[in-house]
Amino acid sequence: MEYTVQKLARLAGVSTRTLRYYDEIGILKPARINSSGYRIYGQAEVNRLQQILFYKELGVSLDVIKEIVTSPSYDGAKALREHREQLLAKRKRLDVLIANVEKTIASMEGRIIMTDQEKFEGFKQQMIDENEAKYGKEIREKYGDDVVNRSNEKLKNMTKEEYEEVTRLADEVLATLAEAFENGDPASDIAQKTAELHKQWLMYFWGEYSKEAHANLAQMYVDDERFKAYYEKQPGMTEFLRDAIHIYTGVTK
């Protein structure tokens, strides 16, 4: 089956402008251009568009999606299995939040008493489940079950104030990283501030700090596309963060 831009746009629920933009940036080229000058898409392009939309749903930037789907080592079947696992994890996180909302409604109606700690359990469990789904296998292999389990328990036991602070720090790391990246020098004051903020954020999850572990984690962000997607708001940003952290820790690889 072949599709014009308009037919494929209707099929996928996207705009024709989106498909033309994907063609311009090289993430989804048509199979051919017909004699009338129309873009024509075949089954391979339909499959790729589905993958692109899956990645977008998971919050991956277009720059990173392009790197993934155009890589010579890209495996469509493997990617679908990963999408399935991530979507199941997302459903699980939503179920936790729904249960938390229902409990909060019951508390507001006076049917139960809900502590401040309980009000944030859903969000903290969501964070744990999300991290386990995305990175659990690699982190457990690298650091061991005991380290990861202790980190999860530390998150579960956070106070309301600690949870708010770690959330604020995560946002500040991204904002400062963007500013530092514009500067272009991983040794600059703003880049080193980013590395320090990243350390502060880590210490809400780690029992103790290790320069080597911090540097290794930064390298893992670069090596694994799932880690990279979180920081890669612009091409090269994850490598920049890695370099800044390596300078900060004095550990190079």
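If you're wondering where the values come from, they're calculated on a predicted model, not measured in any experiment. (Residues numbered from 1 in each chain as written. Predicted model: local features only at pLDDT ≥ 70, side-chain atom pairs only at ≥ 80, totals over all residues. Heavy atoms only, no water.)

Quick look at the sheet that holds strand β1 (residues 3-4) now. Across a sheet, paired strands are connected by hydrogen bonds in the backbone, their directions being either parallel or antiparallel. Strand order in the open sheet formed by 3 strands is β1-β3-β2, with antiparallel pairing between adjacent strands. Every interior strand has two partners, whereas the edge strands, β1 and β2 (32-33), have only one. Of the pairings in the sheet, the one linking β2 to strand β3 (residues 39-41) comprises 2 bridges and is antiparallel in character. Each residue of the ladder has a partner; that of Ile33, found in β3, is Arg39. (Pairing = 2+ DSSP bridges. Helix = DSSP H or I, 4+ residues; strand = E, 2+ residues; numbered from the N terminus.)

Moving on, we come to the packing of helix α9 (residues 160-183) against helix α13 (residues 237-249). One can describe the packing of α9 onto α13 by two numbers: an axis separation of 10 Å at closest approach and a directional angle of 95 degrees. Our classification of the angle between α9 and α13 gives roughly perpendicular. Contact residues: Leu177, Ala178, Ala180 and Phe181 in α9; Met237, Phe240 and Leu241 in α13. Looking at the contact of α9 with α13 residue by residue, the classes come out as 7 nonpolar, no polar and no charged. (Axes fitted to C-alpha atoms, helices over the stretch in contact; angles between N-to-C directions. Parallel < 35°, antiparallel > 145°, perpendicular 65-115°, else oblique. Contact = heavy atoms within 4.5 Å. Nonpolar A, V, L, I, M, F, W, Y, C, P; charged D, E, K, R; others polar.)

In this section: the nonpolar core. Counting residues in each nonpolar core, the largest one holds 28 residues, and the members touching the most others are Leu177, Phe205, Trp206, Tyr221, Tyr231, Phe240 and Leu241. Among the secondary structure elements, those contributing two or more residues to this core are α9, α10 (189-202), α11 (211-223), α12 (225-231) and α13. When residues of this core are assigned to their parent elements, the largest contribution, 6 residues, is made by α9. When sequence neighbours within four positions are dropped, the list of residues in contact with Leu241 reads Leu177, Thr194, Tyr221 and Tyr231. (Core = buried A, V, L, I, M, F, W, Y, C linked by side-chain atoms within 4.5 Å. Buried < 20%, exposed > 50% of the residue type's maximum accessible area, 1.4 Å probe, protein only.)

A complete count under the given rule lists 8 salt bridges for this structure. Note that Asp23 is salt-bridged to Lys29, the shortest N-O span being 3.1 Å. Classification of Asp23 by relative accessible area gives buried; the value is 9%. Of the residues examined, Lys29 reaches a relative accessible area of 47% and is grouped as partly exposed. Lys228 serves as the salt-bridge partner of Glu67, at 3.7 Å between the closest nitrogen and oxygen. Here the residue Glu67 occupies a position in helix α4 (residues 62-69), and Lys228 occupies one in helix α12, the gap between them amounting to 161 residues. (Salt bridge = Lys/Arg side-chain N within 4 Å of Asp/Glu carboxyl O.)

Moving on, we come to the environment of Lys7. Mapping Lys7 onto the fold places it in helix α1 (residues 5-12). Through-space distance from the C-alpha of Lys7 to that of Ile40 is 9.7 Å; in sequence the pair is 33 residues apart.

It is at 8 Å that the axes of α9 and α10 come closest, and there the two elements cross at 160 degrees. Regarding the angle of α9 to α10, the classification is roughly antiparallel. Here α9 runs over α10; the crossing is left-handed. Between α9, through Val166, Leu169, Ala170, Glu172, Val173, Thr176, Leu177, Glu179, Ala180 and Asn183, and α10, the contact on the second element is made entirely by Ile190, Ala191, Lys193, Thr194, Leu197, His198, Gln200 and Trp201. (Left-handed = near helix turned anticlockwise from the far one by under 90°.)

The next thing to look at is α1. Buried within α1 are the following residues: Val5, Leu8 and Ala9. Considered in projection along α1, the buried side chains sweep an arc of 105 degrees and stay on one side of the axis. Facing away from the buried surface of α1 by more than 90 degrees, the exposed residues are Gln6, Arg10 and Leu11. Contacts from the buried residues of α1 go to β1, α2 (16-25), β3 and α3 (43-57). Trailing α1 by a residue or two, Gly13 shows a phi angle of about 75 degrees, which is positive. (Arc of directions from axis to C-beta.)

One pass over the structure, following the stated rule, counts 4 aromatic pairs. Pairing Phe181 with Phe240 gives two aromatic rings, centres 5.6 Å apart and planes at 90 degrees, and the pair type is edge-to-face. In this pair, Phe181 is assigned in helix α9 and Phe240 in helix α13, connecting sequence segments 59 residues apart. Both residues of the pair, Phe181 and Phe240, belong to the buried class. Ring-pair connections join several aromatic residues into one group, and the members of that group are Tyr221, Tyr230 and Tyr231. Over the ring of Tyr209 we find Lys199; its NZ or CZ atom is 4.4 Å from the centre of that ring. Across the ring face of Tyr230, the terminal group of Lys233 is positioned such that the distance to the ring centre comes to 5.5 Å. (Phe/Tyr/Trp six-rings, centres within 6.5 Å; stacked < 30°, edge-to-face > 60°. Lys NZ or Arg CZ within 6 Å of the ring centre and 35° of its normal.)

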